[in-house]
Structure formats: structure tokens, C-alpha cells
Amino acid sequence: MTGSPPAPGPASGPVPGPASGPVPELFSWEFASDPYPAYAWLREHAPVHRTRLPSGVEAWLVTRYADAKQALADPRLSKNPAHHDEPAHAKGKTGIPGERKAELMTHLLNIDPPDHTRLRRLVSKAFTPRRVAEFAPRVQELADGLIDRFVATGSADLIHEFAFPLPIYAICDLLGVPREDQDDFRDWAGMMIRHGGGPRGGVARSVKKMRGYLADLIHRKRAALPPEPAPGEDLISALIRASDHGEHLTENEAAAMAFILLFAGFETTVNLVGNGTYALLTHPEQRERLQTSLAAGERGLLETGVEELLRYDGPVELATWRFATRPLSIGGQEVAAGDPVLVVLAAADRDPERFTDPDTLDLARRDSQHLGYGHGIHYCLGAPLARLEGQTALATLLTRLPDLRLAAEPAELRWRGGLIMRGLRTLPVSFTPPASSADNGPSPTQK
């Protein structure tokens with residue numbers, strides 16, 4: 001999930017801590033391209049490190065696997081921003097821009113039990129293995145439809161033409177956003193994913209537009225809600241039905257839930273597909289193994305491979321914000337009540353104390369208990385859907401575009417600014433068009 005501050009400019013100096021020697025520069029553009037050497041230094045010398053973020057907020061970074069796993073499940077670390085002992089200059093800088101003004105704070109990433117337990121129970125039915133399996137044909141249809149639109153050209157930007165629209169249309173379908181409105185959601189989501197690359201205030205304005213649309217959609221769906229749910233009922237209708245049948249879901253909660261499922265449900269998958277494809281293209285022996293496996297009709301390597309891609313260069317660099325409700329110790333470091341804590345998933349998932357040869361990409365790795373989707377009660381609710389989308393996207397790309405290759409040098413690629421997520425701005429590729437390619441087809445939303 002996101003919640004990124006503005007894109008990093010010149011990195012602020014770290015708050016002095018117990019580490020010996022100079023702390024690597026964090027959150028610069030150079031760091032964004034390859035943060036792993038800096039994270040290795042932190043794991044060794046300052047595994048729980050207090051730093052000043054580009055937004056001006058001071059927070060603890062937790063980088064070792066064992067400490068990260070403990071922190072993710074520690075009930076003394078609250079998700080509720082009300083526990084942040086924030087100075088005036090940090091007000092509102094620890095969440096998604098605009099969510100506070102748009103009254104979208106009451107979602108799963110900002111609340112603790114018992115409200116978290118109640119709301120999570122309401123939406124968990126949408127992400128059961130059975131429900132996700134039933135959705136698989138639609139994800140495949142979307143993947144094929146998007147490739148159909150550029151396959152004849154021999155080149156594409158896989159972020160904007162494939163990795164980005166695929167999860168947007170998928171999560172819109174699950175939520176019950178009408179097909180004719182889904183391109184609006186794509187535009188709003190596109191502004192959110194820029195992380196400072198768009199006009200000033202653009203994210204907050206997009207959040208406000210999305211909030212207004214969701215409020216209207218909830219009203220319309222409530223008015224048309226049938227007495228009994230139909231098989232595969234959309235998620236917004238299910239939330240309304242729960243609200244009207246004793247689950248005490250307020251309208252703000254319903255809107256916030258729909259908003260965060262959309263927000264959390266697309267960017268993680270954009271980055272999973274983008275980062276994963278990039279990793280395969282820069283590790284040709286691993287990519288060849290996977291293509292051979294797929295050609296033989298096997299899926300085992302695809303399944304372990306997606307887990308390894310999540311570990312190796314996953315879509316979520318830092319877990320979303322946590323705040324100490326009372327003094328506690330993490331990895332031997334004392335953390336004061338009210339302090340923000342950020343678990344660095346990217347660092348934990350390359351901890352040599354937990355993973356053998358952690359900087360090596362091995363699609364057949366079996367012991368990949370990564371933290372890419374979190375741990376504990378806040379474990380990502382949409383992980384089954386994201387895995388389905390990631391597996392489908394990568395398998396379809398490698399099967400339909402067998403000679404897919406980078407159309408730029410790795411050093412020329414730029415990574416998006418921001419704090420929580422890790423993803424490429426663009427991923428230019430080239431390939432040999434099939435001998436008989438149809439003209440660009442209709443938008444996948446119209447299929």
C-alpha cells in the first residue's frame with residue numbers, strides 16, 4: 001500500500017544515531033535506483049535507525065528480518081495516525097495525500113482492532129481462493145486484450161501499456177465500477193502513482209474526485225440493490241449489504257474501504273509486474289528457465305518464481321506507517337511512545353541471516369518466506385489476487401512475446417520517487433511482432 005510523501009529531492013541528513021561511520025545517503029534519486037547496498041549497511045551497522053525523511057518527518061527504519069517480522073505483528077505499534085506524536089511541520093505527512101480532508105481515513109491501513117477486525121472480516125470474502133480462482137478468466141482476458149493493443153508494433157512501454165492498466169481494470173471489476181467509468185479511475189490512479197511527478201496538489205485532487213464518485217456510486221448501488229445477493233456480487237454491493245444487515249458499516253467506512261482496496265489493489269501489482277519483468281529481462285538464464293517451464297505446461301516454477309520476485313525486488317519497499325503507543329524495544333533500540341516506525345521490507349527480504357545468497361535471483365527458491373505482503377493481522381488482504389495477476393501477466397508476456405527484450409540500458413531507467421512503494425516509471429521493451437497481428441483491439445474495459 002502507498003501513502004508516499006512527495007518525491008525525494010536532496011536527501012535530508014540522518015538524525016545522529018549509534019551507527020559507526022557515515023550513514024549512506026537515503027532517499028535520493030541515486031538511492032531509489034538501487035537501495036540495497038544502503039540497506040545492507042543499515043542491517044549491519046544500524047538495524048533500527050532513526051532518520052529524517054524527505055517530508056521532514058523523523059522515523060525509525062527497521063531493516064533486519066527478525067526485527068521486521070516482530071514489528072509487523074507487535075500490537076504496541078498502532079496503525080492509527082492519532083498515536084503519532086507529530087510536530088506541527090509533520091501534520092498530515094504520514095498518509096495518503098488528501099485522504100484526511102476527503103474523510104477517507106477509516107480504512108484497514110489506519111485502524112486497529114476491534115474496528116480493523118470487523119472491517120477486514122467484511123471484505124475478506126472477496127479475496128478467498130475460490131473467489132480469486134473464479135476471477136482468473138477475466139484477468140487472462142485483460143492481459144491478452146492489453147497485449148493485443150500493442151503486439152503489432154514491436155515495442156511498448158510495459159508500465160503504461162500493460163502493468164498499470166491490468167490491475168486497475170481488474171480491481172474496478174471486483175469493486176463493481178461500471179466499465180464505462182473505469183477509464184476515469186485509470187486517470188485518477190495515474191495521478192496518484194506519479195508520487196510528485198504531476199502538478200502540485202494533483203494527488204489530493206484525484207483523491208477528492210474518487211471520493212465524490214464512490215459516494216455517488218454507493219448511493220446508486222444501494223438504491224438498486226436486489227433483496228438477495230447474486231453469485232459473484234461485486235464488493236461495493238457486498239459492503240452496502242453488510243452495512244444494511246447489522247454489520248454497522250457507515251457510509252464513510254464503505255467509501256474508505258472501496259478507496260483503499262482500489263488504491264492498495266493496483267499499485268502493488270503494477271510494481272510486481274514491472275519489477276518482475278525487469279528482473280527477468282536482466283537475468284536471462286532465469287527468464288529462459290521460466291519460459292522453458294511454461295512451454296512444457298508446468299506452473300511450479302511460475303508460482304515459486306513470483307514469490308522469489310516479490311522477495312528479490314518487491315513492489316512494497318517499506319511497510320505502511322506504524323506508531324508506538326508506548327515505549328518499547330525493537331532490536332535492542334529503545335523507541336519512544338508516539339514515534340513512527342517504518343519496517344523496511346526490501347531490506348528484511350535480503351537479510352543473509354534469513355535467506356541464503358539473498359542478492360541472487362533464484363526462481364526455484366523454495367524457502368521464500370518473504371515479508372512482501374506483510375505479516376500479522378495486517379497481512380495484505382489482496383495477496384491472492386495480486387499473485388494471480390502477477391502470474392498471469394508474466395506468463396502471458398513470456399509466452400506471447402518470447403523474444404521480449406529491454407529497449408533501454410538499465411542505467412537509463414528511472415524509478416518513481418516516494419517512500420512506501422518501489423517501481424519503475426517506464427519499462428521500454430521491444431520484440432518481434434507475430435507474423436499475423438490483428439489491428440489494435442478495443443479497450444479491455446469494453447470486452
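Parameters at a glance
- Residues numbered from 1 in each chain as written.
- Predicted model: local features only at pLDDT ≥ 70, side-chain atom pairs only at ≥ 80, totals over all residues.
- Heavy atoms only, no water.
- Helix = DSSP H or I, 4+ residues; strand = E, 2+ residues; numbered from the N terminus.
- Buried < 20%, exposed > 50% of the residue type's maximum accessible area, 1.4 Å probe, protein only.
- Contact = heavy atoms within 4.5 Å.
- Salt bridge = Lys/Arg side-chain N within 4 Å of Asp/Glu carboxyl O.
- Pairing = 2+ DSSP bridges.
- Axes fitted to C-alpha atoms, helices over the stretch in contact; angles between N-to-C directions.
- Polar contact = N/O pair within 3.5 Å; in protein donor to acceptor, adjacent residues only side chain to side chain.
- Parallel < 35°, antiparallel > 145°, perpendicular 65-115°, else oblique.
- Nonpolar A, V, L, I, M, F, W, Y, C, P; charged D, E, K, R; others polar.

A. Region of the structure containing the overall build of the protein chain. Across its full length, the protein chain holds 15 helices and 10 strands. Expressed as a percentage of its 447 residues, the buried residues of the protein chain come to 57%. Taking all contacts inside the protein chain whose residues are at least 6 apart in sequence as the whole, residues at least 24 apart take part in 73%.

B. Fine view of the pattern of salt bridges. All chains considered together, the criterion is met by 21 salt bridges. When the shortest N-O distance is used, the salt bridge between Lys221 and Asp234 registers 3.2 Å. Here Lys221 is found in helix α9 (residues 202-224), whereas its partner Asp234 is found in the loop between α9 and α10 (235-244), with 13 residues between them in sequence. With respect to class, Lys221 is no different from Asp234; both count as buried. One salt-bridge network, in which partners are shared between bridges, spans Arg50, Arg52, Glu58 and Asp339.

C. Representation of the sheet that holds strand β1 (residues 48-52). Spatially, β1-β2-β8-β5-β3 is the arrangement adopted by the 5 strands of the open sheet, whose pairing is mixed. In this open sheet, the two strands that pair with only one neighbour each are β1 and β3 (77-78). Where strand β2 (residues 58-62) lies against strand β8 (residues 340-343), 3 bridges are found, and the strand directions are parallel. For Trp60, the partnering residue across the bridge sits in β8 and is Val341. In the packing of helix α3 (residues 65-73) onto the sheet, the strands contacted are β1, β2, β3, β5 (322-324) and β8, and the crossing angle to β8 comes to about 125°.

D. Highlighting the environment of Lys221. Given the relative accessible area of 16%, Lys221 is considered buried. When the C-alpha atoms of Lys221 and Gly176 are compared, they prove to be 9.2 Å apart, with 45 residues separating the residues in sequence. Within polar-contact distance, the side chain of Lys221 engages the backbone oxygen of Gly176 at 3.1 Å.

E. Quick look at the packing of helix α12 (residues 284-295) against helix α15 (residues 383-400). Contact geometry of α12 with α15 gives a least axis separation of 10 Å together with a crossing angle of 90°. In terms of orientation, α12 lies roughly perpendicular with respect to α15. On the side of α12, the interface is formed by Arg287, Leu290, Gln291 and Leu294, while α15 contributes Ala395, Leu398 and Thr399. Along the lines of polarity and charge, the residues of the contact of α12 with α15 split into 4 nonpolar, 2 polar and 1 charged.

F. Summary view of the sheet that holds strand β4 (residues 155-157). Sheet architecture is open: 3 strands sit in the order β4-β10-β9, paired in antiparallel fashion. Each edge of the sheet is formed by a strand with only one pairing partner; in this case those strands are β4 and β9 (405-406). Two elements, β4 and strand β10 (residues 428-430), share 3 bridges in a ladder whose sense is antiparallel. Bridge pairing links Ala156 to Val429 in β10.

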